[in-house]
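Residue-level listing of the chains:
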Protein chains: 2
Amino acid sequence: MSIRDLASHLNISIGTVSRALNGRSDVNAETRRRVLEAAAELGYVPNQSGRSLRQGTTNAIGFMVETNSETGTHGDSFFSSIYVGVQKEFAAHHLDLVVLLCPSDDDPYDYLRRVVARRFVDGLFISAIQRHDPRIDFLIEREIPFIALGRSLSGGSHPWIDLDFEGVATKAVNRLVARGHRRIGLVTPGTELNLGYVFADAYRAALSANGLAYDPGLLVRSEQTSEEGGYHAADALLALDQRPTAMLLVNEIMAIGVYRRLHEAGLTPGRDMAVIGLRHSPQARFLSPALTCFDISLIDLGRRLAQGLLASMPAYRDSQPFGLVQEVWPMELVAGESDPPPR
Amino acid sequence: MSIRDLASHLNISIGTVSRALNGRSDVNAETRRRVLEAAAELGYVPNQSGRSLRQGTTNAIGFMVETNSETGTHGDSFFSSIYVGVQKEFAAHHLDLVVLLCPSDDDPYDYLRRVVARRFVDGLFISAIQRHDPRIDFLIEREIPFIALGRSLSGGSHPWIDLDFEGVATKAVNRLVARGHRRIGLVTPGTELNLGYVFADAYRAALSANGLAYDPGLLVRSEQTSEEGGYHAADALLALDQRPTAMLLVNEIMAIGVYRRLHEAGLTPGRDMAVIGLRHSPQARFLSPALTCFDISLIDLGRRLAQGLLASMPAYRDSQPFGLVQEVWPMELVAGESDPPPR
DNA sequence: CAGCGCACCGAAAACGTTTGCGATGCAGCA
DNA sequence: TGCTGCATCGCAAACGTTTTCGGTGCGCTG
């Protein structure tokens with residue numbers, strides 16, 4: 001059931017059929033009606049490979065995420081919700097979302113180059129942005145549409161959306177200081193992810209704005225951002241001569257490990273230690289005491305990412321009222337019971 | 001940089017280049033070496049569209065999952081780990097995994113038909129298998145390779161892997177009965193998902209094997225399998241004249257809601273009520289008291305699914321030592337502190 | 001030397017689609 | 001009538017690849 005079958009069934013040329021199906025203006029209204037009717041009747045659907053070959057476009061968009069081969073998660077379900085938002089935005093454009101899982105033992109840059117070389121996707125979402133991320137320059141140079149989930153120091157102007165770490169640090173520190181805290185620890189990723197640097201800078205600025213000195217010992221860079229990572233980060237903070245009375249975490253998964261370590265030290269989280277985190281997954285509501293955290297509307301973030309990508313793709317730019325998307329994503333503080341005043 | 005450029009650069013025909021790249025035997029060893037060298041040097045990578053068009057194959061495999069548009073999750077990170085396992089198995093075959101998110105307001109059968117019609121994938125994983133699932137007959141009839149994550153009553157022999165609900169029900173009920181429980185509630189999905197029926201049958205069989213009568217009131221079918229669903233299921237069980245002393249849940253997300261409802265009723269989970277669940281996500285370790293649950297090695301399950309699919313695809317069958325995969329996936333009980341004897 | 005088989009390679013068709021170009025017919029206008 | 005312009009459509013090329021078919025040259029055998 002190709003376009004040829006459809007044409008011979010209607011006794012017209014394949015060119016006319018193609019034009020009718022694609023809504024071109026130079027085809028008679030009655031002819032178009034007959035074509036669409038026959039297509040529906042015979043169950044004709046265009047072959048994507050043929051179309052891609054001719055147009056040089058695949059109608060597929062890749063979302064590149066990095067895999068943790070050991071735990072088997074990629075982003076702790078962080079991305080699942082983002083996908084949904086992207087999909088919602090893509091539905092109207094007949095675009096397919098292709099999740100590209102870069103294995104952790106593979107170099108993200110090499111992986112990306114292979115994907116691009118295969119011409120498998122028309123555009124890309126990239127995440128886990130490094131401080132100096134070669135993928136960005138590569139994509140800009142090749143003129144491949146993309147949007148980054150996260151900022152980078154890499155040169156060139158390109159679309160990106162990042163979480164509002166400045167806002168988080170400011171609100172969290174202000175809140176803790178208002179409650180009487182003076183020694184506030186921060187746990188960020190210890191990898192070359194740029195967000196660790198951004199978060200740390202925002203944290204230092206927030207401390208300074210509150211007239212507090214920055215103590216390097218209170219900044220823990222954790223290789224893992226998992227429960228294990230949280231455990232060890234709490235361990236490091238508790239080992240200090242002058243312990244902090246509050247901890248600010250980059251996600252809420254680490255809070256599980258922090259709670260565990262606190263309990264082992266005979267401390268009760270939310271009483272002997274204040275904890276604030278960022279919420280990545282809806283399942284975070286379990287923690288007891290309830291974690292005070294910053295809520296991310298991930299579906300909306302996904303939608304916005306999709307809009308930003310479409311706006312940078314010539315074929316879809318007209319459908320988007322936006323220009324170059326470069327913005328931070330605001331987050332709302334959800335008060336829990338984990339950050340009381342110090343004892 | 002097409003195969004034509006490569007050929008003219010080497011002063012040989014494109015056919016020879018293609019044969020050399022694809023490892024055909026009818027090409028001189030020296031010629032092959034030169035071709036591979038030039039391909040690497042010039043950075044040539046075959047165009048997937050051209051290849052797909054000629055061969056009628058796309059090198060892409062779809063994984064169809066259903067989306068919950070409200071919460072934004074699809075399977076509570078259940079699938080994230082499965083993807084990783086699939087990807088591990090696919091890596092050697094140069095297959096791409098395409099995640100196909102069926103919106104919740106779309107009919108899965110219609111969605112599947114559109115995907116198939118577009119010839120976008122060579123094979124499919126389907127999940128969320130209904131009791132009578134029209135997708136299965138459709139795929140069998142069209143001779144499209146697939147494997148189902150879940151059993152179904154739909155006719156025809158096809159590859160599938162399902163969780164070992166019989167084993168779960170037997171072990172859980174035996175364990176609870178051995179500890180003195182006599183009234184054990186079961187919470188299963190209230191939708192047409194087949195797993196709800198399978199689990200309920202296994203539960204009844206396990207009760208019977210222990211000489212216990214089946215009380216229909218103790219079987220709660222919950223529309224939602226989320227935290228909310230768990231809350232309401234616990235609500236229903238607590239409203240009974242004769243309350244159960246233990247609850248068996250279909251996943252651990254519901255346990256969050258169950259715990260909450262128990263606390264509201266002045267009951268302490270793991271003391272006034274025994275709770276056992278299935279573990280879908282590694283983050284489940286947070287619950288306090290620790291949930292006694294059945295652990296699923298999701299990465300391995302993903303690998304096995306991929307093997308089962310490959311074994312059913314003519315192009316890859318030879319690489320797999322397996323035949324038709326139809327099996328249940330064993331799960332190990334991880335003892336927590338949530339299922340003590342009744343008070 | 002004739003004949004045969006084999007290794008290797010080039011030519012060309014085919015996959016299904018889109019699109020530029022030209023052809024046709026017809027209405028409108030001078 | 002003759003010319004122009006427009007609406008509509010057919011023809012054919014092109015996208016990049018794989019694969020069949022046939023051809024060439026060589027070595028070997030009888």
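Residues numbered from 1 in each chain as written. Chains lettered and ligands numbered in written order. Predicted model: local features only at pLDDT ≥ 70, side-chain atom pairs only at ≥ 80, totals over all residues. Heavy atoms only, no water.

Visitor: Would you mind showing me how to read the environment of A202 of chain A here?
Guide: Within the secondary structure, A202 of chain A is located in helix α9 (residues 194-209). The contact partners of A202 of chain A, leaving out residues within four places of it in the chain, are F165, E166 and A169 of chain A. (Helix = DSSP H or I, 4+ residues; strand = E, 2+ residues; numbered from the N terminus. Contact = heavy atoms within 4.5 Å.)

Visitor: In this structure, what is going on with the environment of R4 of chain B? I would like to understand it.
Guide: Topologically, R4 of chain B is positioned in helix α1 (residues 3-10). Between the C-alpha atom of R4 of chain B and that of S18 of chain B, which follows or precedes it by 14 residues, the distance is 9.8 Å.

Visitor: Help me out: how do you make sense of the sheet that holds strand β7 (residues 219-222) of chain A in this one?
Guide: Backbone-to-backbone hydrogen bonds join strands into a sheet, with any given pair of strands oriented parallel or antiparallel. Residues and elements named next belong to chain A. Spatial strand order, β7-β6-β8-β9-β10-β12: six strands in an open sheet with mixed pairing. Strand pairing shows two members of the sheet lacking a second neighbour, β7 and β12 (332-334), which therefore form its edges. Adjacent strand axes in the sheet meet at a mean angle of 20 degrees when their direction is disregarded. Across four bridges, the pairing between strand β6 (residues 184-189) and β7 is parallel. By the bridge assignment, T188 is partnered in β7 with R221. (Pairing = 2+ DSSP bridges. Axes fitted to C-alpha atoms, helices over the stretch in contact; angles between N-to-C directions.)

Visitor: Mind showing me how you'd approach the nonpolar core here?
Guide: Generally speaking, a soluble globular protein has its nonpolar side chains buried in company with each other. F125 of chain A together with F125 of chain B are the most contacted members of the largest nonpolar core, which totals 152 residues. In contact with F125 of chain A, not counting residues within four places along its chain, are I61, G62, F63, M64, V86, F90, L97, I147, L305, A306 and L309 of chain A. With 42 residues, the next largest nonpolar core counts M64, L124 and A148 of chain A together with V115 of chain B among its residues. (Core = buried A, V, L, I, M, F, W, Y, C linked by side-chain atoms within 4.5 Å. Buried < 20%, exposed > 50% of the residue type's maximum accessible area, 1.4 Å probe, protein only.)

Visitor: Explain the packing of helix α10 (residues 227-238) of chain B against helix α11 (residues 253-264) of chain B to me, please; I cannot follow it from the model alone.
Guide: Helix-helix packing: each pair is described by the crossing angle between the helix axes and the interaxial distance. Residue and element names in this part refer to chain B. For the pair α10 and α11, the least separation of the axes is 6 Å and the interaxial angle reads 45 degrees. Accordingly, the angle class assigned to the pair α10 and α11 is oblique. When the axes of α10 and α11 are compared, the crossing they make is right-handed. Of the residues in α11, those in contact with E227, E228, G229, G230, Y231, A234, D235 and L238 of α10 are I253, M254, I256, G257, V258, R260, R261, L262 and E264. (Parallel < 35°, antiparallel > 145°, perpendicular 65-115°, else oblique. Left-handed = near helix turned anticlockwise from the far one by under 90°.)

Visitor: Which parts of the structure should I look at to understand the packing of aromatic side chains?
Guide: Within a pair of aromatic rings, the relevant descriptors are the distance that separates the centres and the angle that separates the planes. For the structure shown, the criterion picks out 16 aromatic pairs over all chains. With a centroid separation of 6.3 Å and 85 degrees between ring planes, the pair formed by Y203 of chain A and Y214 of chain A is classed as edge-to-face. Of this pair, Y203 of chain A sits in helix α9 while Y214 of chain A sits in the loop between α9 and β7, and the two are 11 residues apart along the sequence. For Y203 of chain A, a relative accessible area of 0% corresponds to the buried category. Ring geometry for F63 of chain B versus F79 of chain B: centroids 5.7 Å apart, planes at 75 degrees, classification edge-to-face. You can see F63 of chain B sitting in strand β1 (residues 60-66) and its partner F79 of chain B sitting in helix α5 (residues 78-90), a full 16 residues away along the chain. Just as F63 of chain B is buried, F79 of chain B falls in that class too. Through pairs of rings, three or more aromatic residues link up here, namely F63, F79, Y83, F90 and F125 of chain A. When the ring centre of Y109 of chain A is taken as origin, the NZ or CZ atom of R113 of chain A, which lies over that ring, is 4.5 Å away. Geometry around F322 of chain A places R304 of chain A over its ring, the cationic atom sitting 4.4 Å from the centre. (Phe/Tyr/Trp six-rings, centres within 6.5 Å; stacked < 30°, edge-to-face > 60°. Lys NZ or Arg CZ within 6 Å of the ring centre and 35° of its normal.)

Function cannot be inferred from these measures alone, as they are strictly geometric.
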